[in-house]
Amino acid sequence: MRSHAISAGPTLLLSVIAISLSVLPPEVLAQVGVPQETMGEGTTVDWDIVARIREEGLQRSQIANTLSYMTDVLGARLTNSIAMDNAQRWALEEMKRIGLTRTSREPFMEYGVSWDNEYVSLHLLAPDYQPMVGYPIAHTPGTEGKQELQAVIADVRTRQDLETLKGQIRGMAVLSTPPATIDLLRFTTGTPRRSDEEMRELAEDVVPPPPGPDPYFSRLYPDPPQNPDVLTAGERLAFYVREGVAVVLESTSGWPGAVRGFARPGAKIDLWSRDATMSSVPIVAVTPEHYNRMYRILRRGIPVSLEVEVRNSHGTSVEQASNMLGEIPGTDLAHEVVMMGAHFDTWHASPNASDNTSGVAVVLEAARILRAIGAEPRRTIRIALWSGEEQGLYGSKAYVRKHFGDPSDTSIGTTSEYETFSAYFNQDYGPGQYRGIWLQENEHVRQTFKAWMEPFHDMGMTTISLQGVGSTDHVPFNNIGLPAFQFLQARVGGTGGHTNLDFFDTLPIDDLMKNAVIMASFVYHAAVADERIPRKHTGHRD
């Protein structure tokens with residue numbers, strides 16, 4: 001008997017399928033492998049994978065153990081230090097342990113010789129005894145043993161100041177900065193969490209600001225002053241060297257109990273040269289309360305004597321600085337890449353738990369979660385742990401130029417990797433909980449990210465801001481038109497980034513567990529999506 005078939009076009013067939021699926025409960029949809037919800041234009045959320053990521057990341061998290069080992073055992077990781085080398089060796093083994101493939105250290109530049117602080121001791125001897133807290137500035141020499149010194153105020157700012165101190169400060173400990181202003185609000189109000197009103201304002205701030213210099217690095221490495229009579233930091237240091245001072249003391253933090261210190265003025269210019277380091281003088285950054293006490297005593301005309309000893313180790317040959325890489329291999333789109341990363345390097349006065357051990361731990365935990373649940377991304381997921389970030393994004397800049405080129409530089413153009421790249425997700429800016437994401441002025445990803453955030457509304461992940469942020473490793477990607485994003489994080493009190501106070505004890509572990517879960521989900525969904533993340537300005541995915 002001949003059947004009476006109905007001829008159905010594609011639209012009718014799809015409608016019938018959609019109606020049939022709509023009557024099935026969500027748990028049945030999950031069992032047959034049908035996406036439970038599509039949000040935004042063509043954006044699918046794999047709710048089963050999200051559930052597995054949440055279970056692994058929130059119930060079997062290893063992030064606290066990773067953070068403790070990195071901060072308690074490995075400690076500070078100044079770029080190209082011996083400590084950094086040891087930590088990178090550990091990180092490569094950790095990547096292999098959690099199941100990453102193609103792990104490697106990829107050199108990116110000749111970075112001068114290694115520098116490590118081995119010992120520092122600082123004491124006020126007269127007119128009263130007090131142990132003081134201070135740390136040497138990176139890429140400076142030691143004191144060649146214990147020294148008892150007289151202190152003097154030598155805060156030179158102009159060329160006229162030099163004349164008054166010539167021949168007066170040889171063999172002395174000079175106080176080279178004005179008294180630090182201590183921020184007492186940190187005692188009374190702490191660091192307030194962003195209010196709902198502030199979050200709403202971020203979401204509604206839709207007009208991009210005009211381009212300008214990076215605010216953080218502009219302060220850390222300022223341009224020469226416009227007034228020729230005003231001395232640069234390098235000129236002040238050169239004066240102290242010429243005058244034969246024994247040690248330079250400074251205090252620039254203003255945080256109660258905190259030492260904030262970076263590197264010798266000019267170290268970036270001479271590329272962390274051994275000769276320039278050894279021909280300089282010891283520089284010690286001192287906590288503001290202790291520094292201010294000495295300053296006030298000297299202003300009374302009462303002599304101050306102190307004891308100081310600094311021992312630093314210096315490499316003998318120029319070495320390469322390296323980034324670290326590892327991968328979760330893709331399947332049918334393995335030639336395309338999604339990346340997540342964080343800078344591995346730190347300053348040297350503490351383990352730098354918040355900046356950026358917390359970011360490194362989140363990235364490693366996100367990768368571990370994906371391997372633990374057996375995720376099979378279509379695109380390759382590449383993990384990058386950068387070096388040289390604190391000195392000016394050296395590692396990520398070099399990586400981007402090598403692997404992707406630069407469409408604005410006709411001498412190199414772009415590479416094939418530029419064409420197959422999807423997106424990069426970064427964590428820096430401390431250990432605060434993810435409350436949203438910065439779009440970096442890329443409106444084309446708004447609906448996609450809105451969909452991917454929906455499973456995490458219960459974690460407070462609700463805000464999308466069109467604005468962008470700078471001063472960290474997504475910037476080199478963004479600068480050449482590649483999609484790259486930093487999560488919008490909660491402000492966190494109690495952490496001491498770039499100081500001697502940045503330890504494990506101040507980290508909000510539960511928030512970092514949530515961050516790793518969200519990072520894993522975002523990276524996974526970018527790696528399985530039908531199309532690569534769209535690029536701003538054009539909306540094209542190629």
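Higher on the page you've got the structure.
A brief look at the structure comes next. (Residues numbered from 1 in each chain as written. Predicted model: local features only at pLDDT ≥ 70, side-chain atom pairs only at ≥ 80, totals over all residues. Heavy atoms only, no water.)

## Digging into helix α18 (residues 509-528)
Condition: Working definition: helices are DSSP H or I runs of at least four residues, strands are E runs of at least two. Numbering for both runs from the N terminus. In this analysis, the expected span of each helix is defined as 1.5 Å times one less than the number of residues it contains. Relative accessibility thresholds used throughout: buried, under 20% of the residue-type maximum; exposed, over 50%; partly exposed, between the two (1.4 Å probe, protein chains only).
In this model, α18 (20 residues) spans 29 Å end to end at C-alpha, consistent with the 28 Å of a helix rising 1.5 Å per residue. In terms of burial, α18 is largely enclosed, as 17 of its 20 residues are buried.

## Some words on helix α14 (residues 394-404)
Our working definition: The arc in question is formed by the directions pointing from the helix axis toward the C-beta atoms.
When α14 is considered as a whole, its buried residues turn out to be Gly395, Ser396, Tyr399, Val400, His403 and Phe404. Seen from one end, α14 has its buried residues packed into an arc of 125°, which puts them on one side. Following α14 by one or two positions, glycine 405 has its phi on the positive side, about 80°.

## Topic: unusual backbone geometry
A cis geometry characterises the amide bond from alanine 126 onward to proline 127, with omega recorded as 15°. With respect to the element layout, proline 127 can be found in the loop between β4 (115-126) and β5 (130-131). Residue asparagine 356 is reached from aspartate 355 by a cis peptide bond, and omega for that bond is 5°. Structurally, asparagine 356 can be placed in helix α13 (residues 353-372). Notably, tyrosine 429 is not glycine yet its phi reads approximately 60°, a positive angle.

## A word on the pattern of salt bridges
Let me state the cut-off plainly: Take a side-chain nitrogen of Lys or Arg and a carboxyl oxygen of Asp or Glu: if they are within 4 Å of each other, that pair is a salt bridge.
Across all of its chains, the model carries 28 salt bridges by this definition. Put simply, glutamate 235 and arginine 159 hold a salt bridge, and the shortest N to O gap is 3.1 Å. Pair noted here: glutamate 235 is in helix α10 (residues 233-243) and arginine 159 is in helix α6 (residues 159-165), with a separation of 76 residues, a long-range link. Using a relative accessible area of 29% as the deciding quantity, one classes glutamate 235 as partly exposed. On the accessibility criterion, arginine 159 (34% relative accessible area) is partly exposed. Arginine 378 is paired through a salt bridge with aspartate 530; the nearest N and O atoms lie 3.2 Å apart. Highlighted residues: arginine 378 in the loop between α13 and β14 (379-386) and aspartate 530 in the segment after α18, separated in sequence by 152 residues.

## Examining the sheet that holds strand β3 (residues 101-110)
Picture the strands of a sheet paired through backbone hydrogen bonds; they go either parallel or antiparallel. Under the convention used in this document: At least two bridges found by DSSP between two strands are what make those strands a pair. Every axis in this analysis is a line fitted to C-alpha atoms, fitted for helices over the stretch in contact. Angles between the N-to-C directions lie between 0 and 180 degrees. Pairs of residues are marked as contacts when any of their non-hydrogen atoms sit within 4.5 Å.
Ordered by their spatial adjacency, 8 strands build an open sheet running β3-β12-β14-β13-β15-β18-β16-β17, and the pairing between neighbours is mixed. Among the strands making up the open sheet, the edge pair consists of β3 and β17 (463-465). Shown here is a sheet whose adjacent strand axes are inclined to one another by a mean of 25°, direction ignored. Alignment of strand β13 (residues 333-343) against β14, held across 8 bridges, turns out to be parallel. Along β14, the bridge assignment pairs histidine 343 with tryptophan 386. Contacts between helix α5 (residues 82-97) and the sheet are confined to β3, β12 (320-328) and β14, with β3 contributing the most and set at about 155° to the helix.

## Focus: the sheet that holds strand β9 (residues 247-250)
Reading across from one edge, β5-β4-β11-β7-β8-β9-β10-β6 is the order of the 8 strands in this open sheet, with mixed pairing throughout. Across the chains shown, the open sheet's two edge strands, defined by having one partner strand only, are β5 and β6 (134-136). In terms of strand pairing, β4 meets β5 through 2 bridges, oriented antiparallel. The partner of leucine 124 across the bridge, within β5, is glutamine 130. Each of β4, β5, β7 (147-153), β8 (173-175), β9, β10 (283-286) and β11 (305-314) is contacted by helix α12 (residues 288-299), which is oriented at about 70° to β7, the strand it contacts most.

## Quick notes on the packing of helix α3 (residues 47-59) against α18
The condition is simple: An angle counts as roughly parallel when it lies under 35 degrees, as roughly antiparallel when it exceeds 145, as roughly perpendicular when it falls between 65 and 115, and as oblique in every other case. Each crossing is labelled by how the near helix is turned from the far one, with a counterclockwise turn of less than a right angle marking it left-handed and a clockwise turn marking it right-handed. Here the nonpolar group is Ala, Val, Leu, Ile, Met, Phe, Trp, Tyr, Cys and Pro; Asp, Glu, Lys and Arg are the charged ones; every other residue, Gly included, is treated as polar.
Across the interface, α3 lies against α18 with an axial gap of 9 Å and an inter-helix angle of 150°. On the basis of their axis angle, the class for α3 and α18 is roughly antiparallel. Taken as a pair, α3 and α18 cross one another with a handedness that is right-handed. Between α3, through Ile49, Val50, Ile53, Arg54, Gly57 and Leu58, and α18, the contact on the second element is made entirely by Met513, Lys514, Val517, Ala520, Ser521, Tyr524 and His525. Grouping the constituent residues of the contact of α3 with α18 by class yields 8 nonpolar, 3 polar and 2 charged.

## Some remarks on the packing of aromatic side chains
The cut-off we apply is this: Ring pairs shown here join Phe, Tyr and Trp side chains whose ring centres sit within 6.5 Å, with only the six-membered ring taken for Trp; geometry is labelled stacked below 30 degrees between planes, edge-to-face above 60, and tilted in between. Geometrically, a charge over a ring is one whose NZ (Lys) or CZ (Arg) sits within 6 Å of the ring centre while staying within 35 degrees of the ring normal.
Applying the stated criterion across every chain yields a total of 24 aromatic pairs. Residues phenylalanine 425 and phenylalanine 522 carry aromatic rings whose centres are separated by 5.9 Å and whose planes lie at 80° to one another, so their mutual orientation is edge-to-face. Of this pair, phenylalanine 425 sits in strand β15 (residues 421-426) while phenylalanine 522 sits in helix α18; the two residues are 97 residues apart in sequence, bridging distant segments of the chain. Residue classification places phenylalanine 425 among the buried residues on the basis of a relative accessible area of 0%. Residue class for phenylalanine 522 comes out buried when judged on its relative accessible area of 0%. Seen in terms of ring centroids, phenylalanine 487 and phenylalanine 522 are 5.4 Å apart; in terms of plane orientation they differ by 80°. Their pairing is edge-to-face. Placement of phenylalanine 487 in strand β18 (residues 484-489) and of phenylalanine 522 in helix α18 is noted, with a sequence separation of 35 residues between them. We note that phenylalanine 487, like phenylalanine 522, is buried. Through a chain of ring-to-ring contacts, the aromatic side chains of Phe425, Tyr434, Phe449, Trp452, Phe485, Phe487 and Phe522 assemble into a single cluster. Between the NZ or CZ atom of arginine 77 and the centre of the ring of phenylalanine 344, over which it lies, the distance is 4.9 Å. The positively charged end of arginine 260 is found above the aromatic ring belonging to tryptophan 255, 4.7 Å away from the centroid.

## So, the side chain of aspartate 511
To be explicit about the condition: Residues counted as positive are Lys and Arg, residues counted as negative are Asp and Glu, and His and the chain ends are not counted.
Residue position: aspartate 511 is located in helix α18. Among buried Asp, Glu, Lys and Arg side chains, aspartate 511 stands out as unpaired, with lysine 514 the closest opposite charge at 4.0 Å. Aspartate 511 has contacts with Pro431 and Gln433, leaving out every residue within four places of it along the chain.

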